[in-house]
Each structure stands twice: as structure tokens, then as C-alpha cells.
Amino acid sequence: MAVLLTGGTGYIGAHTAVALLEAGREAVLADDLSNSKAEVLERIEKITGKRPAFYQIDISDGAALSKVFEAHKIDTVIHFAGFKAVGESVKKPLDYYKNNLNATIEVLRAMLKYGAKNLVFSSSATVYGPYGESPLKEDAPTGCINPYGWTKWMSEQIIRDAAKAHPELSCVLLRYFNPVGAHPSGLIGEDPNGIPNNLMPYISQVAVGKLDHLTVYGDDYNTPDGTGVRDYIHVSDLAQGHLAAVSYCERHAGVEAVNLGTGRGISVLELLRAFERVNGVKVPFEIGPRRAGDVDECFADTQKAASLFNWRATRTAEDMCRDAWNWQSKNPRGYEITSKA
Ligand code: NAD
Ligand code: UFG
């Protein structure tokens, strides 16, 4: 039986595809390439020696999705496809609700039509909003402060309601904390459009000389060094977390929300210093004002993932920094220019 990865050529999808193929699973990728490149498929093949089937489709196009289910025996879907830029979602809320919610609805419809039972959904720690206290447990209060976050919150609810009406479904809502880093080969990694919003790709692009300096958004937070604290998780650990979630789904029914993080908070300055130390590069920075919507700290309680999945993140902040730089330095323009990696 095959695993369908919607959004499979994206950052987390590509790393999960590699992990699945290396575990001997059949992976089928579907993506409209709105935020990724077909070149990813060559890279996956270089790493694993296998080329997954690929469909360039809009997941919210039910007829196109049906064709994928008709061509393969799919029992599990990992649903990554969606728009993910918080700032853009504030400017284009309707595009975000339309794309992210319709994609989730059509995935569920196709699963029910073709008898696929297992769904792993890419949710986000953003569903905890600025309300919960870290370490965040899965039963902490939820609620969001931007349209992107609400699309994750609402998708979770849609999945819960579908599973209530169709008890044969088995669904895991994975709440990722801050995915960073890249495959150690340097062949696949994060390739953001334009100027990055997130910290690690910003640091990498300053280090490679594409950007001048990092602005640290505030040094007056209630944290040990005053800068924001987050739970950065290596994307390869995250990929393994998906494999664990798939195997959990295969043995259970119902819905579970599960955090994927390390449980360890790291400040902006700590991450920056680790990046400089591990890679022997300088990352000039200046302290700027706080960014709207940011919280002091956000990190996971990881007990539930450990007990349900028998999974824990193992890679260190140093691994994250080394692999992020390996990818960035080998692919200074992302997938645009083929690297010699
Ligand atoms: P990404 O943008 O690299 O991957 C998402 C993929 O989905 C892209 O390849 C894009 O082309 C595709 N896509 C979008 N809409 C589509 C549609 N209608 N039909 C087909 N393909 C479509 O993002 P990522 O970082 O790999 O994130 C994967 C998922 O995890 C997303 O749902 C994202 O919201 C979620 N997530 C990401 C983070 C993060 O920091 N990267 C954190 C929490 C949650
Ligand atoms: N930061 C800077 N300078 C930058 C970028 C970020 O100082 O140029 C700081 C932020 O203020 C924050 C930390 O680095 O303290 C991390 O910021 P990111 O933008 O990398 O990550 P966030 O935690 O803000 O956001 C991430 C995802 C969102 C998701 C959110 C909640 O990008 O999609 O986690 O889970 F909604």
C-alpha cells in the first residue's frame, strides 16, 4: 500500500518522502508546485535511489485527486499541502481559507471515497496562539491570532468532525514547533521565496552574503537573554516523527493531536551563536523592535509523542545549524541552480 504526500515536494514533505522511501515504503507525491520545485524529485532520487510517483495537481481539485487514488493503492495520506506564510495570510485571508480548508476537505472526501483510513495532518504550534504556557501540552487552550493559524485550527476541527462521522478513520494532528535544518547530504532543504520570515533561513542567508545582517526582534522579552525562545526541531527528526505517526495510525482509530518538538527552548541569540560556532562564519546582527504577534517563549511538552509514538527528537541545535548551512552554502540560490552536492 502507498502513502500519499500532499505538498510532497515542499520542505517537510521532501524530507518525509526520503524517510519513507528509506524505510521501504511506497511514496506518491502530489503538489501544485506553488511553493516548491520539480527539481526536488531529482534530489530525492539522488538520496534514496528511488523516484517517487509525482502528480502536479491542486489538491483541492477533487477530480484530479481521484485520479491519483485510482492509479495507486493508497491507505495513508500525509497532508502537508497548504499556504504557510503568516504575514501573507493577514493580507490575503480569503486565499488562505480557500486553499488550506478546501485542500483538507478534498483530502478527506477522497479518502472516504477510496477507503483510505489513515491521515496525518500538518498542524502547527500556532494553534496554541499566544495563550498557553510553555511547555505546551496538547490539551492547552487553543485559539489563533492570524488567518494562517485559524486555517490549521479549523482543519483540525474538520478532521475531528469527519472522524466522528466515520469512525473507521485514524487521524493524527501533528503540531510542529519550529522545523529547521536540512538533510545532511545538502541535496534538499528549505527554499523560501523572497526574503525569509523565519529565523534559521534568515541567519543562513546573512551568512552566505545574500542578506546584510539579521535584525533580532526584541531583546526585552521575559527570557534569560531577553530574546525570543522557541523549540527548533531538525527537519529529519520531524520526518521520522511522521513515520512514527503513520505507524501509530495503522494500529489505532480515532483522532489524536500530538506535538512534534524537542521540548527544549533556544533563544534567538543562542541559535545565532551556535550557528557561528559550528560553521565558523560571522552573522552580523542588530537589535530591533519586537515583531507584532511574537511571544516570549514557545516550546513543547513532548511526553505524548514519546508515549504514543515511542519517538523523540535526537538531533541537537548544532546539528540543525550545521545542516542548514551545508544546504545553504551548497545551494545559495535554493533549487534554482543545480548544485554539485
Ligand atoms: P512548503 O510550502 O515547503 O510545502 C507545502 C507544499 O504544499 C508546497 O510544495 C506547495 O507547493 C504545496 N501546496 C500548497 N497548496 C497546494 C494545493 N492547493 N495543492 C497542491 N499543493 C499545494 O511548507 P512546509 O514548510 O513543507 O510545510 C508543510 C506543512 O506544514 C504546511 O501545511 C505548513 O503549514 C505546515 N507547517 C509548517 C511549519 C514550518 O515552519 N515549516 C510549521 C508548522 C506547520
Ligand atoms: N526572529 C528574529 N529575526 C528574524 C526572524 C525571527 O529575531 O528575522 C525571531 C522571532 O522574533 C522569534 C524567533 O526568531 O523570537 C523565531 O521566529 P520564526 O519566525 O522563525 O518562528 P515563529 O516561532 O515566529 O513562527 C513559527 C512558524 C509559524 C508558526 C509559529 C508558531 O514560522 O508558521 O512558529 O508555531 F505559526
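Please read all numbers here as calculations on a predicted model, not as lab measurements.

## Quick look at the sheet that holds strand 9 (residues 229–230)
Sheet architecture is open: 3 strands sit in the order 12-9-14, paired in mixed fashion. Strand pairing shows two members of the sheet lacking a second neighbour, strand 12 (266–267) and strand 14 (297–298), which therefore form its edges. Bridge count for strand 9 against strand 12 is 2 bridges, and the pairing is antiparallel. Looking at strand 12, one finds that Arg-230 is bridged to Ile-266.

## What to know about the site of ligand 1
Close contacts around ligand 1 come from 26 residues, with Asp-31, Asn-35, Ser-36, Phe-80 and Tyr-148 the closest. Ile-12 has a polar backbone atom sitting 2.8 Å from an oxygen atom of ligand 1. One of the side-chain N or O atoms of Lys-84 is found 2.8 Å from an oxygen atom in ligand 1. When ligand 1 is considered free in solution it has 810 Å² of accessible area, and contact with the protein chains removes 95% of it. Elements with a minimum of two residues in the shell around ligand 1: helix 1 (11–22), strand 5 (118–124) and helix 6 (147–165). Of the residues forming the shell around ligand 1, the biggest block, 3 residues, is contributed by strand 5. Residues that form the shell around ligand 1 fall into these classes: 11 nonpolar, 10 polar and 5 charged.

## Some remarks on the packing of helix 1 against helix 2 (residues 39–48)
The geometry of a pair of packed helices is captured by two quantities: the angle between their axes and the separation between those axes. At a closest axis distance of 10 Å, the pairing of helix 1 and helix 2 adopts a crossing angle of 35°. Handedness of the helix 1/helix 2 crossing: right-handed. Taking contact as the criterion, the partners of Ala-14, Ala-17, Val-18, Leu-21 and Glu-22 in helix 1 are, on helix 2, Val-40, Ile-44, Ile-47 and Thr-48. For the contact of helix 1 with helix 2, the class distribution of residues is 7 nonpolar, 1 polar and 1 charged.

## A word on the pairing of strand 5
In terms of burial, strand 5 is largely enclosed, as 7 of its 7 residues are buried. Along strand 5, one buried face is formed by Asn-118, Val-120, Ser-122 and Ser-124 and the opposite face, lined by Leu-119, Phe-121 and Ser-123, is buried too. Looking at chain direction, strand 4 (residues 74–79) and strand 5 are connected through 4 bridges and run parallel. The residue of strand 5 that forms the bridge with Thr-76 is Asn-118. Across 7 bridges, strand 5 lies against strand 6 (residues 170–176) in parallel orientation. Along strand 6, the bridge assignment pairs Asn-118 with Ser-170. In the classification by handedness, the crossover that spans strand 5, the intervening helix 6 and the parallel strand 6 is right-handed.

## Here we look at unusual backbone geometry
Comment: phi is negative for the bulk of residues other than glycine, and the bulk of peptide bonds are trans. With an omega dihedral of 0°, the bond running from Ser-134 to Pro-135 counts as a cis peptide bond. For Pro-135, the location among the structural elements is in the loop between strand 5 and helix 6. Of note, Leu-33 is a non-glycine position whose phi angle comes to about 60°, a positive value. In this structure, Leu-33 sits in the loop between strand 2 (26–31) and helix 2. At Asn-310, a residue that is not glycine, the phi angle is positive and equals roughly 55°.

What counts and how
- Residues numbered from 1 in each chain as written.
- Chains lettered and ligands numbered in written order.
- Predicted model: local features only at pLDDT ≥ 70, side-chain atom pairs only at ≥ 80, totals over all residues.
- Heavy atoms only, no water.
- Pairing = 2+ DSSP bridges.
- Helix = DSSP H or I, 4+ residues; strand = E, 2+ residues; numbered from the N terminus.
- Near = heavy atom within 4 Å.
- Polar contact = N/O pair within 3.5 Å; in protein donor to acceptor, adjacent residues only side chain to side chain.
- Areas by Shrake-Rupley, 256 points an atom, 1.4 Å probe, with all protein chains shown as cover.
- Nonpolar A, V, L, I, M, F, W, Y, C, P; charged D, E, K, R; others polar.
- Axes fitted to C-alpha atoms, helices over the stretch in contact; angles between N-to-C directions.
- Left-handed = near helix turned anticlockwise from the far one by under 90°.
- Contact = heavy atoms within 4.5 Å.
- Buried < 20%, exposed > 50% of the residue type's maximum accessible area, 1.4 Å probe, protein only.
- Right-handed = clockwise from strand over helix to strand, strands pointing away.

Limitation: the analysis is restricted to geometry and does not speak to function.
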